[in-house]
Every structure is written in structure tokens, then in C-alpha cells.
Amino acid sequence: MRLALGISYNGQAYQGWQSQLSGLTVQDKLEAALGKFTQHRVSTLCAGRTDSGVHGLMQVVHFDTPLDRPIASWVRGTNAFLPRDIGVEWAQLMPPEFHCRASALSRRYAYILMESPVRPSVDNGRVGWAFRPLDMAAMQQGLTHLIGEHDFTSFRASACQALSPVKTIQSIEISRRGAYWRFEFEANAFLHHMIRNIMGCLVAVGQFKKPPEWLREVLLARDRDAAAPTFSPDGLYFLGPRYASHWGLPDRTPAFDGLP
């Protein structure tokens, strides 16, 4: 059987999603828990890898297993072996042609930023921080240059393994609630550090260090040195992929309601 799982996690304690020799990744912890529950080795594929310190609200994975167990037991049974900062939100049987990565139409991220003269304390590790005021209009004007299909080399980490720097950003939305800013991104795919590098540039524009038109110059430069420094991973959340409705997969988890 092919199973899909929706996974949520607080990324502070982990070296990203992808398995490493250290064993200190979300994938390592999930596969270890699945191995204990199933009593056989389980290898998972994910919809989108996340970096060290980045959180996930609905990472989607799939794997094949010979076991036939009630769907609810996959959730409860796997969670019994997971650390408390990682959880299986849902499980669903899928046809063999489903692929969590290749079947995704788009991927979504949110970046939560606290604007305050004092660093985060209660939200330490869960939000980014801007100690100078930000201007909504300037950032919205700047981000218009990034919408659509572009070569995002200027926002690409040197270690990025993507075959092409050309991606299509479908939307970037900015909202604010009190001291908390929310930046929501949706694209067909993202490059390594792409959102964190965009965030560094948006904050520079929002604090009037750069004009909104500078984002277009950065994009056209196709040079990582043209952009701002990479922003903190603390406030970055993988909201999960979007799939065609015929797959019947959830679009969100209860954790979505916890973000500003």
C-alpha cells in the first residue's frame, strides 16, 4: 500500500528535514518512529525539504508498506514513538501513481516576523525579528517585481542543488496583526534559501534602506552578492504543498490557526 502522511514539527532542535549521519533531522526521527511502529525499515519521500531551524505545519510524505492497518492507528501508533515536537497530523491511503513531490501543484511558506525594539523571548526560535519599523506600502510595491516566472539566481544559496534557477512565484501576501507581520509565499517550487534571501531584501525595503525598485535590480543581476544577507530561519514555516482536489488530501492542519 502507498500511504501519505501529514507531518508537523518545530524545527528548532533539528538540522533540517533531510536525513543526515547525525540522525538529528526530522526525517530521521520520523523514519525511526515508523520503523518501531511497523517493525520494518521505512524510507519516506517528502514534498519539500526544509533547512535547519525551519518549522513545518503540513509536510507531506509518502512511502510504501506491506502492512494493512487502520488509518487511525498510523497516526496514533507513529506519534507514540515520535518526540513531542514532531507529530503525524493525518494519514491517508493513496493510489500507487501518487507522488508527494511530483504530484504537488505548488508549495506554500509563511514567514512570521516580530517588529519590536526588544528581541523575542516567549517566541524565541519561532519568529524572525525586526527592531526597526517596517513600511507595508514599500514592501508591497517591491514584491511586485518578484511575481511570475523569473530566474531567481540572486536569491539562491551557493549549495542549492536545483537543476534550474527559474521558478514561478504565484503570490506573495503581506499582513500585520499588532507587532507580528506575516509574509505568505506560494510558488511551483523554491530554491535553497530563496525565501530567507527574499525576506532579507523585503526587510531592507521596508526599513527604507533600499527603494522598492531595488528588488527588480537584484532579480536582473542574477548574482547572489546583489541581494541582502540571508534572513534568520526562525520565523519560516512550510505550510505544505497544494494538490489537485481529486487526491482528496487535507489543505491545512489545526496548527495553521496558531500563526499570526
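Throughout, residues of each chain are indexed from 1 in the direction in which the sequence is written. Where totals are concerned, whole chains, interfaces and linings use all residues; where local detail is concerned, this predicted model gives features only for residues with pLDDT of at least 70, and gives and counts side-chain atom pairs only at 80 or more. Excluding hydrogens and water, the side-chain figures rest on all heavy atoms present in the structure.

Colleague: Please clarify how the environment of Leu-215 should be interpreted in this entry.
Modeller: Secondary structure counts use DSSP, requiring at least four H or I residues in a row for a helix and at least two E residues in a row for a strand, with both numbered from the N terminus. By secondary structure assignment, the location of Leu-215 is in helix H5 (residues 214–221). For every residue, the accessible area (1.4 Å probe, protein chains only) is compared with the maximum for its type, and the residue is labelled buried under 20%, exposed over 50%, or partly exposed between those bounds. On the accessibility criterion, Leu-215 (0% relative accessible area) is buried. Placed 73 residues apart in sequence, Leu-215 and Gly-142 show a C-alpha to C-alpha distance of 6.0 Å. Whether two residues touch is decided by their heavy atoms; if any such pair falls within 4.5 Å, the residues are in contact. Once residues within four sequence positions are removed from consideration, Leu-215 is found in contact with Gly-142, Leu-143, Leu-146, Phe-155, Cys-201, Leu-202 and Val-205.

Colleague: For this particular structure, what's the right way to read helix H3 (residues 136–143)?
Modeller: Since one α-helical turn is 3.6 residues long, residues separated by three or four positions face the same way. All of the buried residues in H3 are Ala-138, Met-139, Gly-142 and Leu-143. Buried residues of H3, viewed axially, fall in a sector of 125°; they line one side. Against the buried residues of H3 lie strand E8 (166–177), strand E9 (180–187), helix H4 (194–206) and H5. Pairs of N or O atoms within 3.5 Å make up the polar contacts considered here, provided that, within protein, one atom can donate a hydrogen while the other can accept it, and that residues adjacent in sequence are counted only when both atoms are side-chain atoms. Two or three places before Ala-137, at the start of H3, stands the capping residue Asp-135, its side-chain oxygen 3.3 Å from that residue's backbone nitrogen. In this description, the arc belongs to the directions extending from the helix axis to the C-beta atoms.

Colleague: Would you mind showing me how to read the packing of H3 against H4 here?
Modeller: Between two packed helices, both the angle of their axes relative to each other and the distance between the axes serve to describe the pair. Two elements in contact, H3 and H4, have axes whose closest approach is 8 Å; the angle formed by their N-to-C orientations is 135°. Considered as vectors, H3 and H4 are oriented oblique to each other. The hand of the H3/H4 crossing is right-handed. Only Leu-202, Val-205 and Gly-206 of H4 make contact with H3, whose side of the interface consists of Ala-138, Met-139 and Leu-143. The residue inventory of the contact of H3 with H4, partitioned by class, reads five nonpolar, one polar and no charged. Note on geometry: axes are C-alpha line fits, over the in-contact stretch for helices, and angles between N-to-C directions span 0 to 180 degrees. The scheme is simple: roughly parallel for angles under 35 degrees, roughly antiparallel for over 145, roughly perpendicular for 65 to 115, oblique for anything else. For any helix crossing, the convention is left-handed if the near helix is rotated counterclockwise from the far helix by under a right angle, and right-handed if that rotation is clockwise. Amino acids outside the nonpolar list (Ala, Val, Leu, Ile, Met, Phe, Trp, Tyr, Cys, Pro) and the charged list (Asp, Glu, Lys, Arg) are all regarded as polar, and Gly is one of them.

Colleague: What is the right way to read the pattern of salt bridges from this model?
Modeller: For this analysis, a salt bridge means a side-chain nitrogen from Lys or Arg found within 4 Å of a carboxyl oxygen belonging to Asp or Glu. Counted by the stated rule, this structure contains ten salt bridges. A salt bridge links Arg-196 to Asp-51; the shortest N-O distance between them is 3.9 Å. In this pair, Arg-196 sits in helix H4 while Asp-51 sits in the loop between strand E2 (45–46) and strand E3 (55–64), placing the two residues 145 residues apart along the sequence. On the accessibility criterion, Asp-51 (21% relative accessible area) is partly exposed. Salt bridges sharing partners connect three or more residues here, namely Arg-108, Glu-186, Arg-242 and Asp-251.

Colleague: Would you explain the pairing of E9 in this entry?
Modeller: Both faces of the sheet carry side chains from a regular strand, because those side chains alternate between them. Here E9 lies mainly inside the structure; six of its eight residues are buried. When DSSP finds two or more bridges between a pair of strands, those strands are recorded as paired. Sheet analysis places strand E5 (residues 106–115) next to E9, joined by eight bridges and oriented antiparallel. Pairing of Ile-112 across the sheet is with Arg-182, part of E9. The pairing of E8 with E9 spans eight bridges and is classified as antiparallel. Bridge pairing links Ile-172 to Phe-185 in E9.

Colleague: Sorry, what's going on with H4 here?
Modeller: The span one expects for a helix is its residue count, reduced by one, times 1.5 Å. Compared with the 18 Å implied by 1.5 Å per residue over 13 residues, the 18 Å span of H4 between its first and last C-alpha is a close match. Among the 13 residues that make up H4, 13 are buried, leaving the element largely enclosed by the rest of the structure.

Colleague: Teacher, can you tell me more about unusual backbone geometry here?
Modeller: For residues that are not glycine, phi is negative in most cases, and the peptide bond is trans in most cases. A positive phi is found at Gln-39, a non-glycine position, where the angle reads about 65°. Examined against the element boundaries, Gln-39 turns out to sit in the loop between helix H1 (26–38) and E2. The phi dihedral of Arg-222 falls on the positive side, at around 50°, and the residue is not glycine. Mapped onto the elements of the fold, Arg-222 is located in the loop between H5 and strand E10 (236–242).

Colleague: Is there a simple way to think about the nonpolar core in this case?
Modeller: Generally speaking, nonpolar side chains in soluble globular proteins are found buried as a group. Counting 40 residues, the largest nonpolar core has Leu-113, Leu-146, Phe-155, Phe-183, Phe-185 and Met-199 as the members making the most contacts within it. By residue number, the principal contributor to this core is H4, which donates nine residues. The contacts of Leu-113, once residues within four sequence positions are left out, are Gly-128, Trp-129, Ala-130, Leu-134, Ala-179, Tyr-180, Trp-181, Phe-183, Met-199, Val-203 and Phe-231. Buried Ala, Val, Leu, Ile, Met, Phe, Trp, Tyr and Cys residues form a nonpolar core when they are joined through side-chain atoms within 4.5 Å.

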